[in-house]
Amino acid sequence: MDASWVAAVAAVASVVIVGIAAIAALLQIRHIRNANEITVYLRLVERIDSPQTHAAFSAMEPLIARLKADPELRARVASTQLVTEFEEIVYLVRFLDNVAMLVLTGGVAERLIFAEYADDIARLWENVGEVTYLRRGALGVHFGAAYEHLAMRAKAYLASGKVDRFYSRLQRDPRLSGR
């Protein structure tokens, strides 16, 4: 065998080895990304299901009702002053802005958030949307903007039927599902 053939075979073998190493590296990066995404998702779920978040959800409905009935409170919310009654809602909207940023920047997959929380995201926006717009005068024009975008995407996701299709594929207990 000629030396040039040996060199050619060695070059092809090197290319194959480098290609296999590159594929292995990409698979490892994907695995690490998935692990990071799961970690972020679990922390979000922990925070969303926390007593503090549940307290904010519970406090929201009466405050929103007061806002609709009390023009003085509405004027205070629209002003630049601190409105202590709405600080829990402000804190919650800021948290949801952070969740939205993670989704928008690819830190956590939108499908993970929407499969479980699309209904909650859209329903919550219906409650806090007006307050968010009113508080933007005091907290900046971008307050709640990412969350608003996420809520509109959640509404579109729900309207597309993806949630219904996802849940319709889940198995049901035949003894109870016929009720």
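Calculation rules
- Residues numbered from 1 in each chain as written.
- Predicted model: local features only at pLDDT ≥ 70, side-chain atom pairs only at ≥ 80, totals over all residues.
- Heavy atoms only, no water.
- Helix = DSSP H or I, 4+ residues; strand = E, 2+ residues; numbered from the N terminus.
- Buried < 20%, exposed > 50% of the residue type's maximum accessible area, 1.4 Å probe, protein only.
- Contact = heavy atoms within 4.5 Å.
- Areas by Shrake-Rupley, 256 points an atom, 1.4 Å probe, with all protein chains shown as cover.
- Core = buried A, V, L, I, M, F, W, Y, C linked by side-chain atoms within 4.5 Å.
- Phe/Tyr/Trp six-rings, centres within 6.5 Å; stacked < 30°, edge-to-face > 60°.
- Axes fitted to C-alpha atoms, helices over the stretch in contact; angles between N-to-C directions.
- Left-handed = near helix turned anticlockwise from the far one by under 90°.
- Nonpolar A, V, L, I, M, F, W, Y, C, P; charged D, E, K, R; others polar.
- Salt bridge = Lys/Arg side-chain N within 4 Å of Asp/Glu carboxyl O.
- pLDDT = per-residue confidence, 0-100.
- Parallel < 35°, antiparallel > 145°, perpendicular 65-115°, else oblique.

Before going further, it helps to examine the overall build of the protein chain. Of the regular secondary structure elements, the protein chain holds eight helices and zero strands. For the protein chain, the α and β elements follow one another from N to C terminus as α-α-α-α-α-α-α-α. By its C-alpha atoms, the protein chain is 95 × 50 × 30 Å across when sized along the principal axes. Relative to its 179 residues, the protein chain shows a buried fraction of 31%. Put simply, of all contacts in the protein chain between residues at least 6 apart along the chain, 75% involve residues at least 24 apart. For the protein chain, the computed accessible surface area is about 11700 Å², with 61% contributed by carbon and sulfur atoms.

Let's shift gears to the nonpolar core. In this structure, Val-77, Phe-86, Ile-89, Ile-113, Phe-114, Ile-121 and Val-128 are the most contacted members of the largest nonpolar core, which totals 41 residues. Looking at this core, the elements with two or more residues in it are helix 1 (3-48), helix 2 (51-69), helix 3 (71-78), helix 4 (87-104), helix 5 (110-139) and helix 6 (145-160). Beyond its immediate chain neighbours, meaning those up to four positions away, Phe-114 contacts Ile-121, Leu-150, Arg-153, Ala-154, Tyr-157 and Val-163.

To continue, consider the packing of aromatic side chains. By convention here, two paired aromatic rings are described through the distance between centres and the angle between planes. Applying the stated criterion across every chain, the model contains four aromatic pairs. Plain terms: the ring middles of Phe-114 and Tyr-157 are 5.1 Å apart, the flat faces sit at 45° to each other, and that makes the pair tilted. With a gap of 43 residues between them, Phe-114 in helix 5 and Tyr-157 in helix 6 connect regions that are remote in the sequence. The class for Phe-114 is buried, based on a relative accessible area of 1%. Ring plane angle 70° and centroid distance 6.5 Å describe the contact between Trp-125 and Tyr-133, whose orientation is recorded as edge-to-face. Overall, the relative accessible area of 8% leaves Trp-125 in the buried class. Among the residues examined, Tyr-133 registers a relative accessible area of 47% and is labelled partly exposed.

This next bit is on the packing of helix 4 against helix 6. Interaxial distance between helix 4 and helix 6 falls to 7 Å at its minimum, and their mutual angle equals 65°. For the element pair helix 4 and helix 6, the recorded crossing hand is left-handed. Contact with helix 4, carried on its side by Leu-96, Asp-97, Val-99, Ala-100, Met-101, Val-103 and Leu-104, involves Ala-145, Ala-146, Tyr-147, His-149 and Leu-150 of helix 6 and no other residues of that element. The residue inventory of the contact of helix 4 with helix 6, partitioned by class, reads 10 nonpolar, one polar and one charged.

Next up on the list: the pattern of salt bridges. Enumeration over the complete set of coordinates arrives at seven salt bridges. Note that Lys-68 and Glu-130 form a salt bridge whose closest N and O atoms lie 3.5 Å from each other. Here Lys-68, found in helix 2, pairs with Glu-130, found in helix 5; they are 62 residues apart in sequence, far enough to count as distant. Take Lys-68: its relative accessible area is 61%, and that puts it in the exposed class. Taking the relative accessible area as the measure of exposure, Glu-130 reaches 28% and is therefore partly exposed. Put simply, Glu-126 and Lys-155 hold a salt bridge, and the shortest N to O gap is 2.2 Å. Note that Glu-126 is positioned in helix 5 and Lys-155 in helix 6, a separation of 29 residues in sequence. Beyond isolated ion pairs, a larger network of salt bridges with shared partners links Lys-68, Arg-74 and Glu-130.

Now for the confidence of the model for the protein chain. Scored by pLDDT, the protein chain has a mean of 84; 96% of the residues are at 70 or more. Averaged over each element, pLDDT in the protein chain is lowest for helix 1 (78) and highest for helix 6 (94).

This brings us to the packing of helix 2 against helix 5. Contact pair helix 2 / helix 5: the axes reach a minimum separation of 10 Å and the direction vectors enclose 55°. Taken together, the axis directions place helix 2 and helix 5 in an arrangement best described as oblique. Here the hand of the crossing between helix 2 and helix 5 comes out left-handed. Residues Phe-57, Met-60, Ile-64, Leu-67 and Lys-68 of helix 2 pack against Leu-124, Asn-127, Val-128, Glu-130, Val-131 and Leu-134 of helix 5. For the contact of helix 2 with helix 5, the per-class residue count stands at eight nonpolar, one polar and two charged.

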